[in-house]
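Take a look at the letters that make up each chain.
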Amino acid sequence: MLRADDLVTIGVTARLAAVTTLVLLAAGTPLAWWLARTHWRGKVLVEAVVALPLVLPPTVLGYYLLVCLGPHGALGATLERFGGHHLAFSFAGLVIGSCLYSLPFAVQPMQAAFAAIGERTFEMAATVGAGPFDRFLTVALPLARRGILTACVLTFAHTVGEFGVVLMVGGNIPGSTRVLSMAIYDYAEALDHGRAAALSGGLLIFSMALLIVVYAVNRRFERIQV
Amino acid sequence: MRKGFLGLALVLVALLPGGVAGAEELVRVAAAADLRPVLPALEAEFAKVRPGTRVEVILGSSGKLATQIENGAPFDVFFSADRALPARLAGKGLCDGPVQLYARGRLALWNGREDVSRLTLADLKEKRFRRIAIANPEHAPYGQRAREALQRAGVWSVVQDRIVLGENVSQTAELVESGAADVGILALSLALTPELARKGAHATIPENLHQPLEQGYCVLKGPGGRGAARAFVHFVGEPAARAILRRHGFAQPGEGSP
Amino acid sequence: MSLRVRAKLVRDTFVLDVDLELPARGIVTLFGPSGCGKTTLLRCLAGLERPEPGLIRLNGQLWQDSAAGCFVPPHRRGVGYVFQEPVVFPHLSVLGNLEYAHRRVPEARRHVSLERAVELLGLPELCDRAPANLSGGQRQRVAIGRALLTSPGLLLMDEPLAALDLASRAEILTRVLELREELDVPIVYVTHSGAELARVADYVVLMEQGRVTHHGPLAELIGRLEPFILDQQDVEAVLELTVDSHDDELCSTHLTFAGGSLFVPRRQAPVGKRLRLVVRARDVSLALEPAKRTSILNILPCRIVSLSERSPGEVLVRLDAAGTALWSLVMRRSALALGLAPGVRVYAQIKAVSLA
C-alpha cells in the first residue's frame, strides 16, 4: 500500500519532528526554567509570545516566516549576502517554522513542572552545598521529568501533525519538505483515497499510541511519587 | 534508562538521511493542478527518452506556485495553467529564457452523480445545484476562466451566492467528487481521468465563453542542473509528449480542440 | 568562638533589626512568639535572605558584609539547615538524600561520615526506602542527617519539631540533644515553645517584633522565661544534674546537683556527665516532714517562693531547691491543710522524672 516515496515522506516527517523536539528541548528547557523562576515584570510579555502560536493561525506564522526566510526577507537576504542560501522551502526553514509553531507545547508543560517544585526544595539543595547549575541539573530536571516527557511527546506529535506552516514555507518538495500532512492533502486532492486513507489511518494510530504512552507513564509517575 | 533510550531514539531519527540522494540528475517541476493526470504519463515517456534523469513534481495552483517561486522555492521548471504568471516571473528576471506555450486547457462541467453531458452552464440556474464548485479565481487560472464563462453565459448573478471555491482546480474536483458540491467546473483533463469519468460523463464548456486557457511554461534559474530542465521542456514540445497531452484533454498551440 | 550578626531586613509589614554577638558553641535558641522574626534571622544566617545592611561572621569566616559588597551564597557557607516541614528530595532514596549532601563536601573538610550520621539518627533500616513511604518523624530524621552530612560549621534548625506528631517530637528532640553531646557543631535553634527551649537551650535570644529584647545563657534568663513556662499546659522544671554513680545490680543511676540528689533508672552516660531532666509540676507532691517508709526515692528539701492559683481547686507552688527552680501542682485543699505559704520549708517528693 505504501510506496517508496511514502516512506521518504514518513522519514522526512519523523526527522523534522525529531530535530524540532531536540532543538526545543535544548532551547525550551532553559527558557521554561527561567520563566518558572523569574520575578521580572516583563515575564508576562515573554509568556504571551511563547503562547502566541496557540491562538495564531499557522498560516500567519507561515506568512511571516516566508517573508523573513525567503530571498527578499531579512534573514534570507542576510544569508544570501554572506554566500549562504535563504531558508524558505528548505528543511532548515521547516525546522525553524516547526520550532516556533510548537514552542508553547514544549515550554508550557516544562514551565508548569518547574513551577510545581517547591521553593523549599531548592533552598534545601542550596544549604546542602548545591550551586545554581547543580540545583538545576540534580533537582529541577529530575523532579520535572514528567513535564519534560510530556513536552517531548507533545512537541513531536504536534510537529508531525502541523500543516499550515508547512503549506506556507514548505514547498512540498519530496525528500526535503514534503511531510505526511501535505502528502495526505495531495492524495485527497488527487482523489487517491486508498493512499490518503492509509497515511491518515497510520497517523491516527500513531498519535493515539503516543498519547496512551504519555498518560500511562504519567500514571506510573503518580503512583511512585505520592 | 528508559529516558536515555527515548533520547537516543530521538537523536537517531534526527540523523535520518534526507531525501533519496542519488547520482541521477533531478529536475523539479512545479506544475499547475490541471496537469496532475497527465504528468505520470509524461514522466514515464521522458524516462524512456532520457533515463537517469528523475522528475520530481510539485503540484499546486499556478498562482501559489508562482508566489513560492518569487519567494525562492527551488524549482527548475514552472508549468503554469496560464501564460500571465510565467510572464510575471520572467518580468522579475526569475526565468532563464522566454515563456513558451505548451497547451490550451478546456473547462468541463461534471458532478459525478449523473450524466451531465447534455447540460449547459445556463442549466446551473436550477435550484438543485445548491453548491457550485470552481477553483479560486484569485490565483487559479481555471477559476478565472470558469467565472468568465459563467458571466458570459449570463448566469453569474444568479449562481454567485452558490459558488464554493477550491484552492486549485484539483481540489475543486475533490469538492465535487466527495459530494460536498453538487456540480463543478473543472479542467477537462481532470474530468477525463478514469476515476472521474467512471462516475459520470462531463460536458465540455464551449471555448467561446472565455478567454483561451493558454498555458505556458518557463525554465527557472533554479538550483538544479539547467541541462535536465532544458531536456524536459524540449521533450514536452516533441510529438510523443504532444500526443499524450492531447489525449488528456489539452489542445496544442495552433491546433483545434482535441 | 563567636557568631557575629548584624542584620536589617524590611518586609511589607515587618522589620527585622538585630545586632548581636553570640557564642558559637552548644545550642543557641532563638525564642519568641510567631512572627517575631526568628525564622527570618535564621534564614539570614543561611544566606537564604540578604539583609541590608548585613554583617555575618562565624569565627574567622566572613559570610556577609554589605558595606564591602560581600555575600557568600548559601551553598558556599557550609551550614546545615533543617526546615520546619521536613524537606526530602522525593526523587532520591533515603541514602540518596544523605549522599547528595555528603558528595558535595570536599573530603578534607568532612568531619561527619555517612555511617556516623546514619547511626546518630537511627537510619540504618530506612536507607533503601523511598521518601514517599516515610512518616513525618522519619523524614525529619533524614533531613537532619542530611544537614549533618554537609559537615556544617553551623547547624541551623527552624522549629524542627513543630510539624511533627507528639511521639516524633520526643524522638527528634532526643536526637538533637545527642548531637550536641556527640558533635562539636554549634547549633542555632528556633522555637516558640517554652518546653523545647528549657530542654535544649544553652544560650537564649529572646525576640519580639523583629528585635532582640534579651539574650544570655539560659540560667541567667530563666526568670524572664517564667511567663512562657507558666503559659504551657504542663508546667515543668528542667534540672541540670551530674552523673554521680551507677548501681548495676539495682539498675539505677545516681545524679547530683546543688539542691540534692536523685535516683533514676540506669542511664547510658559516663560518670561526671551532665544531664538535663524534666520534672513536671503534677509529678511533684509536697510534705512538711521528710516521709519515711515510702516508695518515693527522690525527696528534695526546698523553700516555697510563691503560690498561684492554676485552676479552681489547684494551686501551683514555686519552689527553690538551693537556687534551682522547681514546681509543684497541689490541691487547694492540701495547700490549706498544710498551711503552705511563701518562706515555708517543705520536702518535694518527685514521683517521676524524664530525660529531657
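Just so it is clear, the model here is predicted, and its values are computed rather than measured.

Residues and elements named next belong to chain C. The sheet contact formed by strand E12 (residues 236–247) and strand E15 (residues 274–280) spans 7 bridges and is antiparallel. Of the residues in E15, the one forming a bridge with glutamate 236 is arginine 280. Sheet topology places E12 next to strand E13 (residues 252–257); 5 bridges connect them, and they run antiparallel. By the bridge assignment for E13, valine 243 is matched with leucine 255. Hairpin connection, E12 to E13: the antiparallel pair is bridged by 4 residues, and cysteine 251 has positive phi, about 55°.

Turning next to the packing of helix H4 (residues 136–148) of chain C against helix H5 (residues 166–182) of chain C. Working note: a packed helix pair is described by the angle between its axes plus the distance between those axes. Residues and elements named next belong to chain C. Viewed as axis vectors pointing N to C, H4 and H5 meet at an angle of 15°, and their least axial separation amounts to 9 Å. By the angle between their axes, H4 is roughly parallel relative to H5. Judged by the twist between their axes, the crossing of H4 over H5 is right-handed. Across from Gly137, Gln140, Arg141, Ile144 and Leu148 in H4, the residues of H5 making contact are Ser168, Glu171, Ile172, Arg175 and Leu179. Looking at the contact of H4 with H5, its residues break down into 4 nonpolar, 3 polar and 3 charged.

Bringing the sheet that holds strand E11 (residues 211–217) of chain C into the picture now. All names here are of chain C. Spatially, E7-E8-E9-E3-E10-E11 is the arrangement adopted by the 6 strands of the open sheet, whose pairing is mixed. Where the open sheet ends on each side, the last strands, each with one partner, are strand E7 (79–82) and E11. If you compare each strand with its neighbour and ignore which way they point, the axes differ by 15° on average. Across 4 bridges, the pairing between strand E3 (residues 27–31) and strand E10 (residues 203–208) is parallel. Note on E10: the bridge partner recorded for valine 28 is tyrosine 203. Each of E7 and strand E8 (154–158) touches H4; the most contacted strand, E7, lies at about 170° to it.

Another aspect to go through is the packing of helix H5 (residues 91–116) of chain A against helix H8 (residues 145–160) of chain A. Residues and elements named next belong to chain A. At their nearest, the axes of H5 and H8 sit 8 Å apart, and the two run at 160° to each other. The orientation of H5 relative to H8 falls into the category roughly antiparallel. Note that H5 runs across H8; the crossing there is right-handed. On the side of H5, the interface is formed by Ser98, Tyr101, Ser102, Phe105, Ala106, Pro109, Met110 and Ala113, while H8 contributes Gly147, Ile148, Thr150, Ala151, Leu154, Thr155, His158 and Thr159. Each residue belonging to the contact of H5 with H8 can be placed in one class, and the counts come to 9 nonpolar, 7 polar and no charged.

Now for the arrangement of the chains. Here 2 pairs of chains are in contact, and chains A and B lead that list by number of contacts. One finds no contact between chain B and chain C; the C-alpha atoms of the two approach each other to within 15 Å at their closest.

The interface is formed by 21 residues belonging to chain A together with 19 residues belonging to chain C. Here chain A and chain C share an interface that buries about 1,800 Å² over both sides, 66% of which is from carbon and sulfur atoms. Per-residue buried area on chain A facing chain C is highest for Met124, Thr127 and Val128 of chain A; these three make up 37% of the total on that side. Across the chain A-chain C interface, the total number found is 3 salt bridges. Notably, a salt bridge pairs arginine 120 of chain A with glutamate 85 of chain C, separated by 3.6 Å at the nearest N-O pair. Counting every contact that joins chain A to chain C gives 5 residue pairs in polar contact (both at pLDDT 80 or more). Listed by contribution, the elements that provide at least two residues to the side of chain A that touches chain C are helix H6 (119–127), helix H7 (132–143) and helix H11 (193–225) of chain A. Residues belonging to the side of chain A that touches chain C are distributed by class as follows: 11 nonpolar, 6 polar and 4 charged.

How each quantity is defined
Residues numbered from 1 in each chain as written. Chains lettered and ligands numbered in written order. Predicted model: local features only at pLDDT ≥ 70, side-chain atom pairs only at ≥ 80, totals over all residues. Heavy atoms only, no water. Pairing = 2+ DSSP bridges. Helix = DSSP H or I, 4+ residues; strand = E, 2+ residues; numbered from the N terminus. Axes fitted to C-alpha atoms, helices over the stretch in contact; angles between N-to-C directions. Parallel < 35°, antiparallel > 145°, perpendicular 65-115°, else oblique. Left-handed = near helix turned anticlockwise from the far one by under 90°. Contact = heavy atoms within 4.5 Å. Nonpolar A, V, L, I, M, F, W, Y, C, P; charged D, E, K, R; others polar. Buried area = accessible area lost by both parts, 1.4 Å probe. Salt bridge = Lys/Arg side-chain N within 4 Å of Asp/Glu carboxyl O. Polar contact = N/O pair within 3.5 Å; in protein donor to acceptor, adjacent residues only side chain to side chain.

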